[in-house]
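Listed below, chain by chain, are the residues.
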Amino acid sequence: MSDDDHNGQDGFEHELPESLLPYDDWVEDAYREVMLRAIEHVAAEGLPGAHHFYLTFRTNRPDVIIPARLRAQYPEEMTIVLQHQFWDLALDRDKNVISVGLSFGGVGSILCIPVNAITAFADPHIRMALRFNHSPLEDDEDIEIPEGAVEPDDIDPAHHPDVQPEPSASEDGKKDAEVVSLAAFRKRPPS
């Protein structure tokens, strides 16, 4: 790219004009639709291969339905991992809400997360990550589960006979779903 591409003919840098079209909103809507299609696919077909999802969402919104103890532990934002130990994943497009069952501390819970409360979505298997509110993550962003992540555990059906978890780690040899901090999505300084 030559200097003429960044400078005007007069040699001074010129800022791009403000767009009169809402391109940022349209791009974010398209990214959210990609996330929603992925969730709908997994709700209907299950997770294929090594795919798994990180969903980061605002917990301080009144329309987010999660256990009070999780809201106390994560008062602003939390990330859940949908991998092996979740059930009843669903997207209600009319209400614009995602619901999913997870177990925390031996207690099965259904989380109801409005789509507009979601701040990030990732599928680490293919290193695809999206940040909403007009700030997509870089393609090469590291997506790792940080040390000290909280791991939900298997459900005790005696306490929750209406909740049927997916097979436990001892049955299928896979590890449980996890809750991770937002640090998994923050940019890290180069090493």
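Note that the structure is predicted; figures quoted are calculated from it, not measured.

How each quantity is defined
Residues numbered from 1 in each chain as written. Predicted model: local features only at pLDDT ≥ 70, side-chain atom pairs only at ≥ 80, totals over all residues. Heavy atoms only, no water. Salt bridge = Lys/Arg side-chain N within 4 Å of Asp/Glu carboxyl O. Helix = DSSP H or I, 4+ residues; strand = E, 2+ residues; numbered from the N terminus. Buried < 20%, exposed > 50% of the residue type's maximum accessible area, 1.4 Å probe, protein only. Contact = heavy atoms within 4.5 Å. Pairing = 2+ DSSP bridges. Expected span 1.5 Å × (residues − 1). Phe/Tyr/Trp six-rings, centres within 6.5 Å; stacked < 30°, edge-to-face > 60°. Lys NZ or Arg CZ within 6 Å of the ring centre and 35° of its normal.

Digging into the pattern of salt bridges
Side chains that carry opposite charge are capable of pairing whenever their charged atoms lie near each other. Throughout the structure, instances matching the rule amount to 5 salt bridges. A salt bridge links E33 to R37; the nearest nitrogen and oxygen atoms lie 3.3 Å apart. Taken together, the residues E33 and R37, both in helix α2 (residues 23-45) and 4 residues apart, mark about one turn of the helix. Residue classification places E33 among the partly exposed residues on the basis of a relative accessible area of 27%. E33 serves as the salt-bridge partner of R93, at 3.0 Å between the closest nitrogen and oxygen. With a gap of 60 residues between them, R93 in the loop between β3 (87-92) and β4 (97-104) and E33 in helix α2 connect regions that are remote in the sequence. Among the charged side chains, a network of salt bridges with common partners joins E33, R37, E40 and R93.

Remarks on the environment of V100
Structurally, V100 is set in strand β4. C-alpha separation for the pair V100 and C112, spaced 12 residues apart in sequence, amounts to 6.8 Å. What V100 contacts, discounting residues up to four positions off in sequence, is I80, L82, F86, W87, D88, L89, S109, I110 and L111.

Remarks on the pairing of strand β5 (residues 107-114)
Within β5, 6 of the 8 residues are buried, which leaves it mostly tucked inside the rest of the structure. Direction of pairing for β4 relative to β5: antiparallel, over a ladder of 8 bridges. Across the sheet, L102 pairs through a bridge with S109, a residue of β5. Joining the antiparallel neighbours β4 and β5 is a turn of 2 residues, in which G105 adopts a positive phi near 60°.

Digging into α2
Its 23 residues place the ends of α2 33 Å apart at the C-alpha level, agreeing with the 33 Å of an ideal helix rising 1.5 Å per residue. For α2, the complete set of buried residues consists of E28, R32, M35, L36, I39 and V42. On its buried side, α2 packs onto β1 (53-58), β3, β4 and β6 (118-123). Directly beyond the C-terminal end of α2, a positive phi value near 85° is found at G46.

Comments concerning the pairing of β6
For β6, the buried fraction is high: 6 of the 6 residues fall into the buried class. Inspection of the sheet shows β1 paired to β6 by 4 bridges, in the antiparallel sense. The residue of β6 that forms the bridge with L55 is F121. Following β6, the chain reverses through 4 residues before pairing antiparallel with strand β7 (residues 128-131); R127 in that reversal takes a positive phi of roughly 55°.

Observations concerning the packing of aromatic side chains
In the structure shown here, the tally under the stated rule is 2 aromatic pairs. Each ring, one from Y23 and one from W26, has its centre 5.4 Å from the other, and the planes form 85°; the classification is edge-to-face. Of this pair, Y23 and W26 are both found in helix α2, 3 residues apart, which corresponds to roughly one turn of the helix. Taking 4.9 Å as the distance between ring centres and 55° as the angle between the ring planes, the aromatic pair formed by F53 and F121 counts as tilted. Of this pair, F53 sits in strand β1 while F121 sits in strand β6; the two residues are 68 residues apart in sequence, bridging distant segments of the chain. In this structure F53 comes out as buried when scored by relative accessible area, which is 3%. Given a relative accessible area of 1%, F121 falls into the buried group. The aromatic ring of F132 is capped on one face by R32, whose charged end is 4.2 Å from the ring centroid.

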